[in-house]
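The chain contents come next:
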Amino acid sequence: DLACPRCSAPLSRVLIGGVGVDVCEACGGLWLDRLELARFEEPDSVLGEALLAHLSQFPVAIVDRSARLRCPRHREVVMMRRAFSRAYPVEIDECPECGGLWLDADELAQIRR
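Attention here is on the structure that accompanies the text. (Residues numbered from 1 in each chain as written. Predicted model: local features only at pLDDT ≥ 70, side-chain atom pairs only at ≥ 80, totals over all residues. Heavy atoms only, no water.)

So, the overall build of the protein
- Within the protein, the regular secondary structure consists of two helices and six strands.
- For the protein, the α and β elements follow one another from N to C terminus as β-β-β-α-β-β-β-α.
- Relative to a compact globule of 113 residues, whose C-alpha radius of gyration would be 13 Å, the protein shows 13 Å and is just as compact.
- Structurally, the protein occupies a C-alpha span of about 35 × 30 × 25 Å along its principal axes.
- When the 113 residues of the protein are sorted by exposure, 45% land in the buried category.
- Once local pairs closer than 6 in sequence are excluded, the contacts in the protein between residues at least 24 apart make up 48%.
- Side chains of the protein give 14 positive and 18 negative charges; the mean places of these two sets differ by 3 Å. (Helix = DSSP H or I, 4+ residues; strand = E, 2+ residues; numbered from the N terminus. Rg over C-alpha atoms; globule rule 2.2 N^0.38 Å. Buried < 20%, exposed > 50% of the residue type's maximum accessible area, 1.4 Å probe, protein only. Contact = heavy atoms within 4.5 Å. Lys, Arg positive; Asp, Glu negative; His and termini not counted. Charge placed at Lys NZ, Arg CZ, Asp CG, Glu CD.)

Digging into the side chain of Asp33
- With respect to the helices and strands, the residue Asp33 is situated in the loop between β3 (30-32) and α1 (46-55).
- Looking at Asp33, its side chain comes within polar contact range of the side chain of Arg73, at 2.8 Å.
- Filtering out sequence-adjacent residues up to four positions away, Asp33 remains in contact with Arg13, Arg73 and Gly100. (Polar contact = N/O pair within 3.5 Å; in protein donor to acceptor, adjacent residues only side chain to side chain.)

Concerning the side chain of Asp22
- Along the chain, Asp22 turns up in strand β2 (residues 19-23).
- Side-chain polar atoms of Asp22 contact the side chain of Arg13, separated by 2.7 Å.
- If we skip the residues at most four places from it in the chain, Asp22 touches Leu2, Leu11, Ser12, Arg13, Gly29, Leu30, Trp31 and Arg73.

Some words on the pairing of strand β1 (residues 12-16)
- With five bridges connecting them, β1 and β2 associate as antiparallel partners. Pairing of Arg13 across the sheet is with Asp22, part of β2. (Pairing = 2+ DSSP bridges.)

What to know about the environment of Ile92
- Position of Ile92 relative to the elements: it lies in strand β5 (residues 91-94).
- Expressed as a C-alpha distance, the spacing of Ile92 and Leu51, which sit 41 residues apart in the sequence, is 17 Å.
- Sequence-distant contacts of Ile92, that is, excluding residues within four places in its chain, are made with Met80, Arg81, Arg82, Phe84, Leu101, Trp102, Leu103, Glu107 and Ile111.

Section: the environment of Gln57
- Along the chain, Gln57 falls in the loop between α1 and β4 (80-83).
- Remark: the alpha-carbon pair of Gln57 and Gly28, spanning 29 residues in sequence, is separated by 8.4 Å.

A short note on unusual backbone geometry
- Not every positive phi belongs to a glycine, and Ser8 is a case in point at roughly 70 degrees.
- Position of Ser8 among the secondary structure elements: in the segment before β1.
- With a phi close to 75 degrees, Leu35 is a non-glycine residue in the positive phi region.
- Inspection of the secondary structure puts Leu35 in the loop between β3 and α1.

See below:
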């Protein structure tokens, strides 16, 4: 099982429209395997709405965004912080090994605006 890179709580596997995502019910963060974000990021995506609705039931932890996180799949790998895109300067964490992404509690909502 995967552990939250932010708070170490176990991640819960959730199916949203047939896509399995891993959610931290303790801090509201979200782990997406490579290319999964594309299914949720568009503002008009029904899957994105469903995922945000699911995440909204968990607390939004105040986090130290300067802390470097380790990949939940590759514990030895420190993820890179980067801006999501030029249009959306939200800082996300990406594993250089597997391409997985960690989004803190409010980051998916910011990307979808």
